[in-house]
Amino acid sequence: MTAALDFAFIIDPLPGLKAYKDSSVAMMRAAAACGHRLWAVRREDIAWCEGVVSARAVPLALHADDHNWYTEGEPETRALAAFNAVLMRQDPPFDFEYLTATWLLERAVMGGARVFNDPRAVRDHSEKLAITEFSQWIPVTLVARDPARLHGFIDEIGDVVLKPLDGMGGSQVFRVASHDPNRNVIVETLTQHGTRTVMAQRYLPGVREGDKRVLIIGGEVMPYALARIPREGETRANLAAGGRGVAMPLTEREWEIARSLAPILWARGLLIVGLDIIGGHLTEINVTSPTCMVEIAAQQGCDVAGYVIETLERLCDR
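The shown structure was predicted, so the numbers you read here are calculated from the model rather than taken from an experiment.

Chemist: For this particular structure, what's the right way to read the overall build of the protein?
Modeler: Looking only at helices and strands, one finds eight helices and 16 strands in the protein. For the protein, the C-alpha radius of gyration of 20 Å lies close to 20 Å, the compact-globule estimate for 318 residues. The principal-axis extent of the C-alpha atoms belonging to the protein is close to 60 × 45 × 35 Å. The buried share of the protein, reckoned over its 318 residues, is 52%. Residue pairs in contact within the protein that sit at least 24 positions apart in sequence constitute 66% of those at least 6 positions apart. With an accessible surface of roughly 14300 Å², the protein has 50% of that area assigned to carbon and sulfur atoms.

What follows is the structure, given as structure tokens:
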């Protein structure tokens, strides 16, 4: 049996987390069930001084009640290298403060801390743009900020999805057809009159069957995906936009995509990755705080959060 370990989670404010569905909470509960000690860290409490990256860390005791799921202990300021593992689970936006956190966490790694996902890899993998490295799996895509170029793409493809590069949860995602009378204002708004780069992709009708979240843990592909199915009259399938989550086995195509990416991403230190796949096409690579673990466990009995902790235990034994 693995000795008790100390795991620090850099996460959003605890009172705002929905314990009944939050993947970070699921991982913390899995760790607590194995006897490990848990600490919560706020991103703003990370600091560098005289070569050491430390943070104000709050010890947590967890409870089964989803409405009163934790009790805080007395906070301590500890070097991040003093924890057996640090999990960066902060939600986007990936703004300058998030970027700064990756720099600080990279210094912590140089000082001996184990940080997952690797901060340099997180910084280097824009969740939207990272798919361009694997263009053999993606739909027809344009990344640009020139409105004329985007309008030309809309005219050529006929039915496209436009989205900002720094969004999450379906925020500011638009489906635009060539005949759409609002296309000019949509392009103007998203590009901020040609000053902000956006992504345009061919609309994939397969989204009606679900925007699939495929999880990769430590280079291993999990056998079930969560299909986020959009509600009637909605293009976006995100759960935050009202989509319905249905866990189902991976298709042959989804296995093919995930297995081709898994060893590459794991070699870069990306412990937890969420691929978004629609109709057999890769649309995003999520590395900041991939979710859907709770839904998959509840519907299919596949304990992804538990597998994360098992993987961390193996890594900490090395």
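Still more to cover.
Chemist: Explanation requested: the sheet that holds strand β14 (residues 244–249) in the structure shown.
Modeler: Note on sheets: strands pair through backbone hydrogen bonds, and any given pair is parallel or antiparallel. With antiparallel pairing, five strands are arranged side by side in an open sheet as β14-β13-β12-β15-β16. The outermost strands of the open sheet, each flanked by one partner alone, are β14 and β16 (281–286). Ignoring which end each strand starts from, the neighbouring axes of this sheet average 30° apart. Strand direction decides the pairing type here: strand β13 (residues 220–229) and β14, joined by six bridges, are antiparallel. Bridged to Ile229 within β14 is Arg244. Docked against the sheet, helix α8 (residues 304–316) engages β12 (211–217), β13 and β15 (272–278), running at close to 25° with respect to β12.

Chemist: Can you help me understand the pairing of strand β9 (residues 159–164) in this one?
Modeler: The buried count for β9 comes to five of six residues, which makes it a mostly enclosed element. For β9 and strand β10 (residues 174–177), the ladder comprises four bridges, and the chain directions are antiparallel. Residue Leu162 lies in a different strand from β10, and its bridge partner there is Phe174. Strand direction decides the pairing type here: β9 and strand β11 (residues 198–202), joined by five bridges, are antiparallel.

Chemist: Whenever I open this one, the packing of helix α1 (residues 23–33) against α8 confuses me. Can you help?
Modeler: Describing two packed helices takes the angle between their axes plus the distance from one axis to the other. Packing of α1 against α8 brings their axes to within 8 Å, and their N-to-C directions diverge by 60°. By the angle between their axes, α1 is oblique relative to α8. Where α1 crosses over α8, the handedness of that crossing is right-handed. Contact residues: α1 offers Ala26, Met27, Ala30 and Ala31, while α8 offers Ala305, Gly306, Val308 and Ile309. Grouping the constituent residues of the contact of α1 with α8 by class yields seven nonpolar, one polar and no charged.

Chemist: Help me understand the side chain of Ser23, please; the structure alone is not making it clear to me.
Modeler: Tracing the backbone through its elements, the reader meets Ser23 in helix α1. In contact with Ser23, not counting residues within four places along its chain, are Arg89, Pro290, Thr291, Cys292, Met293 and Val294.

Chemist: Which parts of the structure should I look at to understand the packing of aromatic side chains?
Modeler: Note on aromatic pairs: each is described by the distance of the centres and the angle between the planes. Across all of its chains, the model carries four aromatic pairs by this definition. Each ring, one from Phe96 and one from Trp103, has its centre 5.8 Å from the other, and the planes form 75°; the classification is edge-to-face. If you follow Arg78 out to its NZ or CZ, it ends over the ring of Trp39, 4.6 Å from the centre. Positioned above the aromatic ring of Tyr203, the side-chain terminus of Arg175 is 3.6 Å from the ring centre.

Chemist: I tried to follow the environment of Gly218 on my own but got confused; where do I start?
Modeler: With respect to the helices and strands, the residue Gly218 is situated in the loop between β12 and β13. You can call Gly218 buried: its relative accessible area is 15%. Linking Gly218 and Met293, residues 75 residues apart in sequence, is a C-alpha distance of 15 Å. Not counting residues within four places of it along the chain, the set of residues in contact with Gly218 comprises Trp266, Leu271 and Thr311.

Chemist: Could you clarify how one ought to interpret the state of the cysteines in this entry?
Modeler: Here, disulfide denotes a covalent bond that connects the sulfur atoms of two cysteines. One pass over the full model with this rule turns up zero disulfides. Cys292 forms no disulfide, and the closest cysteine sulfur to it belongs to Cys302, at a distance of 13 Å. Residue Cys292 is classed as buried on the basis of its relative accessible area of 2%.

Chemist: Would you take a moment to explain the environment of Asp180 for this structure?
Modeler: Note that Asp180 resides in the loop between β10 and α5 (183–191). Asp180 sits 21 residues away from Asp159 along the chain, and the two C-alpha atoms are 9.5 Å apart. Not counting residues up to four positions away in its chain, the partners in contact with Asp180 are Arg175 and Ile186.

What counts and how
Residues numbered from 1 in each chain as written. Predicted model: local features only at pLDDT ≥ 70, side-chain atom pairs only at ≥ 80, totals over all residues. Heavy atoms only, no water. Helix = DSSP H or I, 4+ residues; strand = E, 2+ residues; numbered from the N terminus. Rg over C-alpha atoms; globule rule 2.2 N^0.38 Å. Buried < 20%, exposed > 50% of the residue type's maximum accessible area, 1.4 Å probe, protein only. Contact = heavy atoms within 4.5 Å. Areas by Shrake-Rupley, 256 points an atom, 1.4 Å probe, with all protein chains shown as cover. Pairing = 2+ DSSP bridges. Axes fitted to C-alpha atoms, helices over the stretch in contact; angles between N-to-C directions. Parallel < 35°, antiparallel > 145°, perpendicular 65-115°, else oblique. Left-handed = near helix turned anticlockwise from the far one by under 90°. Nonpolar A, V, L, I, M, F, W, Y, C, P; charged D, E, K, R; others polar. Phe/Tyr/Trp six-rings, centres within 6.5 Å; stacked < 30°, edge-to-face > 60°. Lys NZ or Arg CZ within 6 Å of the ring centre and 35° of its normal. Disulfide = S-S within 2.5 Å.

That is the geometry; function is a separate question.
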